[in-house]
Every structure is written in structure tokens, then in C-alpha cells.
Amino acid sequence: MPHVQLYINNELLDLKGDESIEVDYSIFDIEKIDKRGGARSYEFNLPKTNKNKSVLENPEMVNSLSDVPYTRLPCLVLIDGVDVLIRFAEVGGVKDSYAIRLYGGNTDLFSSIKDLKLSDVDLSEYDEFWVLDEIVASLANTTGIIYPIIDYHQDSPNSYLNNDPPPVIRCDFMLTSVFVNLLLQKIFSGTGYAVTNEIEDDTVDLILPYNGSQLVRNKDARRYEATFTVDAQYTTSVQMPPSPILSYGTWIKFDSVTNASDNFGSYWKHGNFNPFPFGANTNIFFRFAENTRFTLEYNLKFVGDGLNNPAEITVCTNFTAVVDPSQETPTTVQHLFTGDTTNDFTLSGEFEMQTGDYNTFLSNFDDFNCLMIFSIRNFTIKAGSYVRIKNVEILEEGKLKYVDTYQQKNYLTPAKLLPDMTQAVFVKSYMQMFCLLPIINDVYKTARLIEFSSLISNLHLCYDWSNLIDETEEPELTFISDKYGQNNLFKYTQDGEEPKPVGTDGTILIDNGNLEFEKTIVELPFAATNTNKRLVDNDIPQIRVFREGLYNDSREPRILTIDRIDLGDDLTLTDNINTEVYTEDVPVPYFIKSGGTLNLGFDDSLLETYYELLSNIMNRVKILSVQVRLSASDVSQLDFSRPVYIQKYESYFYISAVKGFSYTESRSTLVELVKLNING
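Not measured: the values here are computed from a predicted model.

Brief notes about the overall build of the protein chain
Phase 1: On a plain count of helices and strands, the protein chain comes out with 9 helices and 49 strands.
Phase 2: Burial status across the protein chain gives 54% buried among its 680 residues.
Phase 3: Look at the contacts in the protein chain between residues 6 or more apart in sequence, and 77% of them connect residues 24 or more apart.
Phase 4: Total accessible area on the protein chain stands at roughly 29,200 Å², and carbon and sulfur atoms take up 45% of it.

Quick look at the structure:
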């Protein structure tokens with residue numbers, strides 16, 4: 001018997017010594033071409049030794065609080081020292097032994113993203129203010145995010161995209177799209193795999209546009225967390241407060257902000273507001289865009305004026321819920337200290353606050369601050385004094401609406417505007433669109449997305465299995481599959497009653513009267529996109545989610561290709577207050593267009609471009625199930641992108657599946673091969 005070693009959580013477990021470990025490998029089942037396969041092992045049993053109980057944390061105990069039975073555990077299996085590419089284990093059950101399931105290959109990669117949404121992809125580097133200058137700056141982008149020209153209005157034609165020269169578009173109804181190649185890179189890197197995509201150049205202009213999911217603000221409360229600090233001590237002077245709370249007062253000046261809250265869009269310099277009674281015009285504000293509850297923590301270090309006189313010190317927040325910050329008045333007062341001011345002292349504490357409605361301000365955090373000190377004495381404020389906003393809780397979801405008045409900027413999080421779809425569904429749908437095979441290498445953590453037609457390009461790299469065929473068992477040759485029909489449909493999802501453009505859905509025909517008349521083979525989760533004549537009679541894609549300028553309805557997810565076109569005149573972009581003119585060719589996406597570089601309809605032109613080889617195979621299917629003498633080394637190094645040549649049949653095949661390869665028994669393995677119809 002081969003020597004088997006099993007490691008779980010880096011611990012070597014006890015085995016019975018008679019383990020039978022069999023693994024199925026699958027890459028592209030010709031009978032289930034809407035699926036993408038992987039590798040998995042069969043279940044086997046571990047003895048209930050003290051070592052195994054310790055590593056698995058006694059899962060047989062009914063009252064055990066261990067998470068081990070509900071966790072995918074890191075795993076390594078060595079057969080005679082050979083790594084058989086098993087990476088995870090699960091405890092399936094326990095009776096007189098532990099039932100263990102082992103997993104490896106594509107199964108692991110796709111399982112790791114099956115519950116993650118596209119909104120979970122880390123696109124934080126592209127979070128930004130939703131303002132005119134950012135929109136215009138994005139128009140030349142070829143990666144990352146872009147605000148392409150899309151008609152998002154159900155009631156178009158309207159004034160948001162004009163049709164009289166010169167072309168004008170309202171940017172307050174332009175939303176981000178994410179380039180698909182970037183999204184794929186981010187998804188795979190999130191799993192720890194580096195991806196190589198054979199059609200990356202083909203899909204360089206492919207985007208996922210905003211599709212009408214609920215339009216909400218960034219709900220990440222971390223953007224409201226910040227610490228404002230006095231970096232160098234200074235002496236306060238007695239000032240009259242902006243309202244008669246007490247007779248005298250002075251603002252505390254803070255010098256810097258930490259925790260990078262400005263990256264989340266809530267902290268910025270405001271050039272339009274001169275707070276009473278001072279005249280600074282570069283003040284820093286903290287803006288809350290939702291109904292928010294938070295804790296304001298303070299730690300203020302003082303040096304007294306040397307006079308042994310009692311003094312009352314009161315801290316007042318400058319806090320408002322009005323849109324125009326020039327109308328601010330102090331609204332919260334906290335009495336902190338009364339006593340001898342001869343010695344140094346620290347005032348510290350915290351209190352909970354709630355903002356209320358949209359556009360609430362806590363200001364201002366540089367020359368003069370949200371905290372005001374009232375006393376009858378001067379004090380020196382020591383370096384290290386700080387105010388911290390923490391324990392932030394967003395109490396209700398806020399609807400996103402374009403705002404740029406007084407630079408009260410909305411913050412856009414592109415990942416949160418992506419379709420409500422899991423990452424696994426998105427990746428598999430991309431592979432189905434372009435007939436791609438995933439080639440996963442667990443050792444080097446790489447994922448290759450290759451065209452199905454690459455099997456022909458790799459004939460010179462083929463495996464010659466002519467001498468590995470086990471002749472003791474007769475091969476089986478299959479000519480027909482009830483998974484197909486005479487008409488095999490490749491479809492986009494239907495979006496309500498919206499008609500699909502001509503060329504959206506396609507069909508691969510099989511001339512075989514024994515099959516059902518029609519079968520749906522692939523149905524993508526994306527909907528087709530029609531166009532509307534806007535911006536001086538140009539074909540502009542229409543995704544109808546707004547009516548009369550208000551969010552009205554969600555749509556099915558979309559996928560489009562960017563084209564750069566000349567509108568016939570420079571494009572004017574406006575938010576109805578500010579205006580910019582764009583003089584270059586503008587990015588106008590399309591789904592299908594005459595002369596398009598990459599039309600996305602199956603009939604126009606995905607089937608013709610990417611499915612030709614598969615179509616030829618489906619028309620004359622020959623599936624050869626044959627016993628092959630494969631070694632552990634053969635299987636561990638198996639590359640599904642390389643065809644197989646068998647001299648007996650004078651034919652090339654692609655490997656569809658390896659079924660029940662045994663690492664622990666010396667026997668042949670059933671391999672399913674599909675003939676590449678090169679010469680008939």
C-alpha cells in the first residue's frame with residue numbers, strides 16, 4: 001500500500017492504514033457545457049484516536065461548541081511523498097470514526113467566492129466624490145471606473161440628454177461603470193490566485209454599468225471615524241461666543257486629522273463659509289450624510305494661567321442640521337470642570353450624539369473647532385489634546401442623490417453599485433460568454449482562462465497516451481446526449497417586457513432527429529441593452545431606472561462594450577450649476593451595433609467568434625470512455641489545456657473528466673475523452 005499522510009491545520013493525523021483515496025477531475029463536461037468543473041475526493045474515515053480528537057476538537061460531543069465541523073479546514077495529503085493537490089477538508093459526520101471529505105482544484109477556488117457578492121470586491125481605491133470634475137476626468141479611462149454616456153431615464157426623451165445641437169448631458173444622472181478586466185483581477189487576487197486571461201485584449205473595453213440596484217450612499221461607517229489633534233500647544237484668548245450661552249468663550253484650534261477620514265468622503269476644507277465671529281475661509285468640516293449616532297470623545301490638556309482662581313469650563317459643540325453651514329449655532333453644551341486653575345489638568349470624557357437628517361455638519365476642525373471652551377481665564381492648550389469621533393452607527397439607509405452645493409459632496413462607492421450577483425456567478429458567466437476553460441494550478445496559485453479553441457492551438461503539446469490505454473476493458477463510444485436538443489439556445493435573461501435587440505440570443509443546431517426539438521444550454525444573468533437616439537441623434541444605450549429625475553425601478557444586470565465616438569460637436573457636461581466641455585471622443589457603450597468591435601449578442605457575434613470549435617464537436621459528438629494507466633505524477637501534472645493523442649484511433653481528444661483516480665490502489669482509471677473533430 002502507498003504511504004498516505006494527512007495534515008489538517010498543519011497537524012499530522014492518525015490513519016487506519018487502509019485508506020482508499022479516489023479523486024474525480026473535471027474541466028469541461030461536453031454534456032453540461034453551462035458548468036465548469038473541478039476536483040473533489042471521495043469521503044473516507046479517520047479513527048477516533050486521541051490525536052485526531054485533539055485536532056478535530058472532539059466533534060462527537062453533542063454539546064461541543066467547536067466550529068471545526070462547520071469550517072473548511074486547511075489540508076494537505078501526501079501519497080508516497082507526492083502532493084496530490086488536496087487543499088481543504090470537512091468533517092462530514094461521526095459514528096465509530098470521523099467521516100472526512102477532501103477537496104482540491106477548481107472546486108476550492110469557485111467555492112471560496114460562491115457566497116461573496118460583487119459588492120464585496122475591494123474597489124476602495126476607486127471610491128471618490130460624485131462631482132462634475134471627477135466625472136469628466138473619468139471619460140478617458142481605459143481601466144478602473146468610468147462614467148460612460150448612458151441614458152438612464154424611463155421618460156426619455158427629456159432634458160437630461162438633449163437632442164438639439166450642441167450635445168449636452170446632465171452629469172447628476174451619470175453613474176459609475178467598472179471595467180470587467182479589473183473586476184476579474186480583483187476577484188482572483190482576493191482568493192490568492194494570479195489570473196491570466198487569454199481574451200483580456202478582446203474584452204479590454206468591457207464594462208459592468210450601474211443596473212438599477214437601490215441607489216444608496218456608502219454605508220461604511222468607518223468613514224465617519226476620525227481623530228483631530230492639537231500638534232503644538234497654544235494659548236487661548238478669551239472670546240465672545242457666537243451665542244449668549246456664557247459671557248466668555250474661545251474656540252479650540254486643532255491642527256491635524258488622523259485615520260484618513262478624508263478618504264471616505266466626510267472631511268474636507270470648505271471654501272464658501274466664514275463662521276461667526278472669525279473670517280477664515282479654509283475651514284474643515286465633518287459632514288454626516290445619513291442619520292447617524294456616534295460618540296464624541298474628548299481629551300483636553302490644559303495649563304492654567306497661574307492665578308489661584310476658580311473657573312468654570314464648558315465645552316460646546318458647533319453642530320447643525322441645516323444645509324447652509326453659515327447658519328450654524330452651538331446646540332450641545334457639556335459642563336466639564338470647576339476648580340483651581342493653578343496646575344496642569346486634563347479634561348476627558350465622552351458623550352453620545354445623533355445627527356438626524358441628511359447634510360448634518362460638525363464643524364469646523366482647523367482654525368476654529370466644533371468644541372468651544374468658555375471660561376473667565378486664558379489657558380494654554382497642550383499638544384496631544386484631541387477630539388475623536390467613534391462608535392459610529394448608521395441608523396438608516398440614505399438614498400444617494402447628486403449634491404455639490406457648498407461642496408457638500410456625495411461619496412460614491414463603485415463596488416456598492418455593482419449588480420446584486422455573486423462573484424462565482426459573474427466569473428462563470430464571463431466564461432460562458434466567451435467559451436473559456438479555467439485551468440487552475442493550486443501549487444503556484446495561478447488561474448488561466450483559456451479559449452476553448454486553444455485546444456487546437458495546443459496540438460503540438462498533446463499528451464501521447466497511445467501506450468497507456470488499458471486494453472483489458474472495452475472502451476465505450478457515445479454519439480448522442482439527451483442534454484442537447486436539435487436547437488440549442490444560448491440566451492440573455494429577459495428584462496420585463498423590454499424587447500431584445502436582433503442578434504441577442506443564438507442557437508447551435510444539431511442535425512439529429514432523435515433529440516428534443518429545443519433546449520436552453522446557457523442563459524446568462526445579464527439582460528440585453530437597447531439604444532435611444534439622444535445627443536443629436538446618436539445611438540445611446542438606455543437602462544431605464546429614473547423617471548422625472550427620481551429613482552423609479554431596478555433592472556436586470558447589464559454588460560456592455562465601450563466605444564469612443566465623435567458626437568459631431570464637443571460635449572457639454574453640467575450639473576445644472578457648473579459646466580465643463582469635453583473636446584475628445586466620448587465613451588458611449590453598446591451591446592450590439594453595426595460594425596462593433598465586440599458585439600455581445602450570441603447570434604451577433606459570440607457564437608461565431610468563440611464557439612466555432614465547440615459547435616463542430618456538438619454536431620458530431622464522439623465521447624470515448626476508456627481505461628487509462630495513469631500514475632499519481634501524471635494526474636498531479638495534468639494540464640487540461642493540452643489535448644490527448646491516441647494512435648489506435650488516429651485522433652486527438654480533449655480531456656473532459658478523470659473519474660475515480662485512486663492514489664492508494666494500483667489500477668487503471670476511467671477517463672472521458674471528447675474527440676476534436678479536426679478531420680471529421
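Section: the pairing of strand β3 (residues 22-26)
Phase 1: Taken across its 5 residues, β3 has 4 buried, putting it largely inside the fold.
Phase 2: With 4 bridges joining them, β3 and strand β48 (residues 651-662) adopt antiparallel strand pairing. Its bridge partner being in β48, Y25 is matched across the sheet by V658.

Observations regarding helix α4 (residues 180-191)
Within an α-helix, residues lying three or four positions from one another point in the same direction, as the helix has 3.6 residues per turn.
Phase 1: Relative to the 16 Å expected for 12 residues at 1.5 Å per residue, α4 spans 17 Å between its end C-alpha atoms, a close match to the ideal helical length.
Phase 2: The set of residues buried in α4 consists of V180, N181, L182, L183, L184, I187 and F188.
Phase 3: G192 sits one or two residues past α4 and shows a positive phi near 90°.

Thoughts on the sheet that holds strand β37 (residues 506-509)
Phase 1: Strands sit in the order β37-β36-β38 across an open sheet of 3 strands; the sheet is mixed. The outermost strands of the open sheet, each flanked by one partner alone, are β37 and β38 (516-527). Across the sheet, the mean angle separating the axes of adjacent strands is 20° when strand polarity is ignored.
Phase 2: Here strand β36 (residues 485-493) runs beside β37; their pairing, made up of 4 bridges, is antiparallel. Bridge pairing in β37 places F490 opposite G506.
Phase 3: Against the sheet, helix α5 (residues 423-434) makes contact with β36 and β38, and its axis sits at roughly 125° relative to β38, the strand it touches most.

Considering the pairing of strand β45 (residues 586-590)
Phase 1: Here β45 lies mainly inside the structure; 5 of its 5 residues are buried.
Phase 2: With 5 bridges joining them, strand β42 (residues 560-565) and β45 adopt antiparallel strand pairing. Paired with R564 across the two strands is P587, which belongs to β45.

Notes on the nonpolar core
Phase 1: Counting 148 residues, the largest nonpolar core has F426 and F434 as its most contacted members.
Phase 2: Ranked by residue count, the leading element in this core is α5, at 7 residues.
Phase 3: When near neighbours in sequence (up to four residues on either side) are disregarded, F434 contacts I199, T203, L206, L598, L600, L606 and Y610.

Re the pattern of salt bridges
Phase 1: Inspection of every chain in the model, using the stated rule, returns 21 salt bridges.
Phase 2: Note that E90 and R72 form a salt bridge whose closest N and O atoms lie 3.5 Å from each other. Placement of the pair is E90 in strand β8 (residues 88-94) and R72 in the loop between α1 (50-56) and β6 (73-79), with a sequence separation of 18 residues.
Phase 3: Look at R72 and you get partly exposed, because its relative accessible area is 27%.
Phase 4: In this structure, D495 and R558 form a salt bridge, with 2.5 Å as the shortest nitrogen-oxygen distance.

A look at the confidence of the model for the protein chain
Phase 1: Residues at a pLDDT of 70 or more form 76% of the protein chain, whose mean pLDDT is 79.
Phase 2: The secondary structure element of the protein chain with the lowest average pLDDT is strand β21 (residues 267-270), at 42, and the one with the highest is β45, at 98.
Phase 3: Ignoring residues within four places in sequence, the model shows residues 260-283, a span with pLDDT below 50, making 76 contacts including any to other chains.
Phase 4: Low pLDDT, under 50, characterises residues 363-370; the stretch is placed with 41 contacts to residues that sit more than four places away or in other chains.

Let's talk about unusual backbone geometry
Phase 1: With omega at -5°, the peptide bond leading from P165 into P166 counts as cis.
Phase 2: With respect to the helices, strands and loops of the structure, P166 is situated in the loop between β12 (151-153) and β13 (168-170).
Phase 3: In this model, D604 is joined to S605 through a cis peptide bond whose omega is 10°.
Phase 4: Relative to the helices and strands, S605 resides in the loop between β45 and α7 (606-610).
Phase 5: Not every positive phi belongs to a glycine, and C435 is a case in point at roughly 50°.
Phase 6: Residue position: C435 is located in the loop between α5 and β32 (436-441).
Phase 7: You will see that L535, though not glycine, has its phi angle at about 50°, which is positive.

Digging into the packing of aromatic side chains
Phase 1: Under the criterion given, the structure shown has 14 aromatic pairs.
Phase 2: Between the aromatic rings of F452 and Y654, the centroid separation amounts to 5.3 Å while the plane-to-plane angle is 85°, which identifies the pairing as edge-to-face. Here the residue F452 occupies a position in the loop between β33 (446-451) and α6 (454-457), and Y654 occupies one in strand β48, the gap between them amounting to 202 residues. Like Y654, F452 is buried.
Phase 3: Relative to Y611, the ring of F490 lies with its centre 5.1 Å away and its plane at 70°, an arrangement referred to as edge-to-face. In this pair, F490 sits in strand β36 while Y611 sits in the loop between α7 and α8 (612-619), placing the two residues 121 residues apart along the sequence.
Phase 4: Every member of this aromatic cluster is reached through a ring pair, and the members are Y152, Y160, F173, Y210 and F546.
Phase 5: When the ring centre of F88 is taken as reference, the NZ or CZ atom of R72 above it lies at 5.4 Å.

Thresholds, definitions, all that
Residues numbered from 1 in each chain as written. Predicted model: local features only at pLDDT ≥ 70, side-chain atom pairs only at ≥ 80, totals over all residues. Heavy atoms only, no water. Helix = DSSP H or I, 4+ residues; strand = E, 2+ residues; numbered from the N terminus. Buried < 20%, exposed > 50% of the residue type's maximum accessible area, 1.4 Å probe, protein only. Contact = heavy atoms within 4.5 Å. Areas by Shrake-Rupley, 256 points an atom, 1.4 Å probe, with all protein chains shown as cover. Pairing = 2+ DSSP bridges. Expected span 1.5 Å × (residues − 1). Axes fitted to C-alpha atoms, helices over the stretch in contact; angles between N-to-C directions. Core = buried A, V, L, I, M, F, W, Y, C linked by side-chain atoms within 4.5 Å. Salt bridge = Lys/Arg side-chain N within 4 Å of Asp/Glu carboxyl O. pLDDT = per-residue confidence, 0-100. Phe/Tyr/Trp six-rings, centres within 6.5 Å; stacked < 30°, edge-to-face > 60°. Lys NZ or Arg CZ within 6 Å of the ring centre and 35° of its normal.

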